[in-house]
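# Summary of the model geometry
Listed below, chain by chain, are the residues.
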Amino acid sequence: MQLKPINQQVVAVVGASSGIGRDAAVKFARRGAKVVVAARSEPGLKSLVEEIQSFGGEAIAVIADVSEFQQVKAIADKAVAQYGRLDTWVHTAATGILAPFEKITPEEFQRVVDVTLMGQVYGAMAALPYLKQEGRGALIHISSMEGRRSLPLQSPYSTAKHGLEGFLEALRVELQHEKWPISVTSILPSVINTPFYNKVRTKLGVKPTGIPPYYDPSLVADAILYVAEHPTRDFIVGDVGRVLDVLQRVSPSLVDSVLVAIGFAGQRTNEPKSEDAPDNVFEPINGYDRVEGDFKNLTIPSFSDWWDMNPTLKWGAIGLAALGIAAFLGSWHDGKDV
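Residues numbered from 1 in each chain as written. Predicted model: local features only at pLDDT ≥ 70, side-chain atom pairs only at ≥ 80, totals over all residues. Heavy atoms only, no water.

### Brief notes about the packing of aromatic side chains
On inspection of all chains with the given rule, the structure shows seven aromatic pairs. Ring geometry for Phe 69 against Tyr 122: centres 5.7 Å apart, planes inclined by 70 degrees, an arrangement best described as edge-to-face. With a gap of 53 residues between them, Phe 69 in helix H3 (residues 69-83) and Tyr 122 in helix H4 (residues 106-134) connect regions that are remote in the sequence. According to the relative accessible area criterion, Phe 69 is partly exposed, its value standing at 27%. With a centroid separation of 6.3 Å and 80 degrees between ring planes, the pair formed by Tyr 197 and Tyr 214 is classed as edge-to-face. Taken as a pair, Tyr 197 in helix H6 (residues 196-199) and Tyr 214 in the loop between strand S9 (206-208) and helix H7 (217-229) lie far apart in primary sequence, 17 residues in all. With relative accessibility at 0%, the residue Tyr 214 sits in the buried group. Aromatic rings pair up to connect Tyr 157, Phe 196, Tyr 197, Tyr 214 and Phe 295 into one cluster. Positioned above the aromatic ring of Phe 55 is the side chain of Arg 30, whose terminal nitrogen or guanidinium carbon lies 4.0 Å from the ring centre. (Phe/Tyr/Trp six-rings, centres within 6.5 Å; stacked < 30°, edge-to-face > 60°. Helix = DSSP H or I, 4+ residues; strand = E, 2+ residues; numbered from the N terminus. Buried < 20%, exposed > 50% of the residue type's maximum accessible area, 1.4 Å probe, protein only. Lys NZ or Arg CZ within 6 Å of the ring centre and 35° of its normal.)

### What to know about the environment of Pro 212
For Pro 212, the position within the fold is in the loop between S9 and H7. Expressed as a C-alpha distance, the spacing of Pro 212 and Leu 244, which sit 32 residues apart in the sequence, is 13 Å.

### A short note on the nonpolar core
Membership of the largest hydrophobic core comes to 38 residues, with the highest contact counts inside it found for Val 13, Phe 28, Val 35, Val 37, Ile 140, Ile 187 and Ile 224. In terms of residue count, the dominant contributor to this core is H7 (nine residues). Non-local contacts of Val 13, meaning those with residues more than four positions away in its chain, are made with Gly 21, Ala 25, Phe 28, Val 35, Val 36, Val 37, Ala 38 and Val 90. (Core = buried A, V, L, I, M, F, W, Y, C linked by side-chain atoms within 4.5 Å. Contact = heavy atoms within 4.5 Å.)

What follows is the structure in structure tokens.
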């Protein structure tokens, strides 16, 4: 399967007014892609398009609530009407509620699922006909390590991300069966320093936080651009996410115990915040149309992402290590026989 170079692509980025989506949209435009950006925040989209146009990039905006299929379809339709085609669909939009399950209402739980899961489903529904029309393309869906391992106090979000993983697995195999050269990628970030924790609803009595450490949003944006050119099934962002993935496979009960110990205090700051404070669960809120959140002091580098984006060097290093081990074992065995 071969994807177009980014400078030949028309890319839709959904959930682009802040965070990962905003950073990815700017990076696509800097690489020469024509970009369609979408979100609920009109001021956020306006400032993003102005930023892209300021360095000579091409971008248009579509205001859309991803819980409404027709509004999502309008994003894909606008891309094709404006630029004649659609090559890559990037879906980052999500919301959440941090609260014990028993304090979450049915309407709140449903809303998080509608935005965070069904929005992604609607995105694929809207984009696929146009990708098939082009004969190739990429669906890039931003999941989460919570799609592999749920967290306490985030049951609606974890439910949505687990559902997204199931959906993408089914869709990927269907497209392979039909022999469509369309890449379906799930990107699974660890905890990322975006305004997500500023915008979600909390019933913890304090401003919520992800369980540290955090990673920079640019790592996820770089992964998005990489898989837009290199068909990839899954891409975990952040070393901690890779460790968590291994631990969850080996011993889910061990991860249970770890989360009992750190998962509750670890998601609370000391900053009071009322559950009546503005949030973006049902409506967009102003003031957070930026890439980074408030936790830069907790951000650390990640090294494994670079290896996954340089597979030749990665496997070369593994091969050299294997040869070194084999040579050592061989010499050790020969010495033992003397």
